[in-house]
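The chain contents come next:
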Amino acid sequence: MTLIDHAAKLHALAAKYHARDITLLAGRLLLSVLFLHEGLTLATHFDAAAKAMAAQGIGLPLFVATLALQLGGGLSIASGLLTRLGAIGLGLFCLATATLFHTNLASQNELLHFEKDLAIAGGMFVLAISSGAGAFSLDRLVTCYLQQRQRDKEMVAALLAAENDMTLKVTLPV
């Protein structure tokens, strides 16, 4: 292949997958890495993290739920499977974290964490409401598969209906 052939293939690929979809994938991955990293850190240091959370007044069931939400929501957004659900869950989690744990707004550090949590929640809600997962997602693959199955069912139903309408009338001479 020549350089011109490679350029033509890249141009065709860029035309097929618009910058919007590539940017949306990058944004999803950037949003999810925070939760996946934190979830994996909590999971690998489970006992110490559970003790630290208990010192903050968070019991083991809520700690496990937090861990599951961070990992599940992070994977959901990264893979693009049930993206809107994962984004809403993590957006609500960020709002709760901001209002429950970063309340000392006189401290510059706490104010910064409060604002970051609000910004991340806003990004999650925008992802959930406006754009969804985009072309590079498992949501799109599942949707395409389900649409194809629906078209197949409609085709089978049409063929069965056509078969039932076909009747052969034979008259014998007397």
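Described in the following lines is the structure provided in the data block. Since we're looking at a predicted model, the values are computed, not measured.

### Structural notes on the overall build of the chain
Link 1 in the chain: Scanning the chain from terminus to terminus reveals seven helices and zero strands.
Link 2 in the chain: Computed over C-alpha atoms, the radius of gyration of the chain comes to 26 Å, more than 25% over the 16 Å expected from 2.2 N^0.38 for 174 residues, which places it beyond the range of a compact globule.
Link 3 in the chain: Partitioning the intrachain contacts of the chain with sequence separation of at least 6 by distance along the chain shows that 67% fall at a separation of at least 24.
Link 4 in the chain: Accessible area for the chain stands at about 12000 Å²; split by element, carbon and sulfur atoms hold 70% of it.

### A closer look at the environment of G134
Link 1 in the chain: Here G134 lies in the loop between α6 (108-131) and α7 (138-165).
Link 2 in the chain: Expressed as a C-alpha distance, the spacing of G134 and N164, which sit 30 residues apart in the sequence, is 42 Å.
Link 3 in the chain: Excluding anything up to four places from it in sequence, G134 contacts D21, L24 and R140.

### Details of the packing of helix α3 (residues 46-55) against helix α4 (residues 60-79)
Link 1 in the chain: Across the interface, α3 lies against α4 with an axial gap of 10 Å and an inter-helix angle of 120°. When the interaxial angle is binned, α3 and α4 end up oblique. Pair α3 / α4 crosses with right-handed handedness. Residues F46, A49, A50 and M53 of α3 lie in contact with α4, whose contacting residues are L60, F63, V64 and L67.
Link 2 in the chain: Its residues assigned to classes, the contact of α3 with α4 comprises eight nonpolar, no polar and no charged.

### Section: the nonpolar core
Link 1 in the chain: Judged by nonpolar contacts, L24, F35, I77, A87, L90, F93, C94, I120, A121, M124, L127 and A128 together constitute the single largest core of 12 residues.
Link 2 in the chain: Those elements giving two or more residues to this core turn out to be α2 (19-44), α5 (83-101) and α6.
Link 3 in the chain: Setting aside its immediate chain neighbours within four residues, A128 contacts R84, A87 and I88.
Link 4 in the chain: Within the second largest apolar cluster, six residues are counted, among which are L42, A50, F63 and L67.

### Some remarks on the environment of F46
Link 1 in the chain: Of note, F46 is situated in helix α3.
Link 2 in the chain: Judged by relative accessible area, which is 29%, F46 ranks as partly exposed.
Link 3 in the chain: Put simply, F46 and V64 are 18 residues apart on the chain and 9.3 Å apart in space, counted from C-alpha to C-alpha.
Link 4 in the chain: When residues no more than four places from it in sequence are discounted, the contact partners of F46 are L60, F63, V64 and L67.

### Let's talk about α7
Link 1 in the chain: Over its 28 residues, α7 runs 41 Å from end to end, which matches the ideal 40 Å to within 8%, given 1.5 Å per residue.
Link 2 in the chain: At the N-terminal end of α7, a side-chain oxygen is found 3.1 Å from the backbone nitrogen of R140, two or three residues along, and the residue is S137.

### Notes on the pattern of salt bridges
Link 1 in the chain: Here the structure, examined in full by the defined rule, presents one salt bridge.
Link 2 in the chain: Linking R20 and D21 is a salt bridge whose minimum nitrogen-to-oxygen distance equals 3.3 Å.
Link 3 in the chain: For D21, a relative accessible area of 12% corresponds to the buried category.

Rules used throughout
- Residues numbered from 1 in each chain as written.
- Predicted model: local features only at pLDDT ≥ 70, side-chain atom pairs only at ≥ 80, totals over all residues.
- Heavy atoms only, no water.
- Helix = DSSP H or I, 4+ residues; strand = E, 2+ residues; numbered from the N terminus.
- Rg over C-alpha atoms; globule rule 2.2 N^0.38 Å.
- Contact = heavy atoms within 4.5 Å.
- Areas by Shrake-Rupley, 256 points an atom, 1.4 Å probe, with all protein chains shown as cover.
- Axes fitted to C-alpha atoms, helices over the stretch in contact; angles between N-to-C directions.
- Parallel < 35°, antiparallel > 145°, perpendicular 65-115°, else oblique.
- Left-handed = near helix turned anticlockwise from the far one by under 90°.
- Nonpolar A, V, L, I, M, F, W, Y, C, P; charged D, E, K, R; others polar.
- Core = buried A, V, L, I, M, F, W, Y, C linked by side-chain atoms within 4.5 Å.
- Buried < 20%, exposed > 50% of the residue type's maximum accessible area, 1.4 Å probe, protein only.
- Expected span 1.5 Å × (residues − 1).
- Polar contact = N/O pair within 3.5 Å; in protein donor to acceptor, adjacent residues only side chain to side chain.
- Salt bridge = Lys/Arg side-chain N within 4 Å of Asp/Glu carboxyl O.

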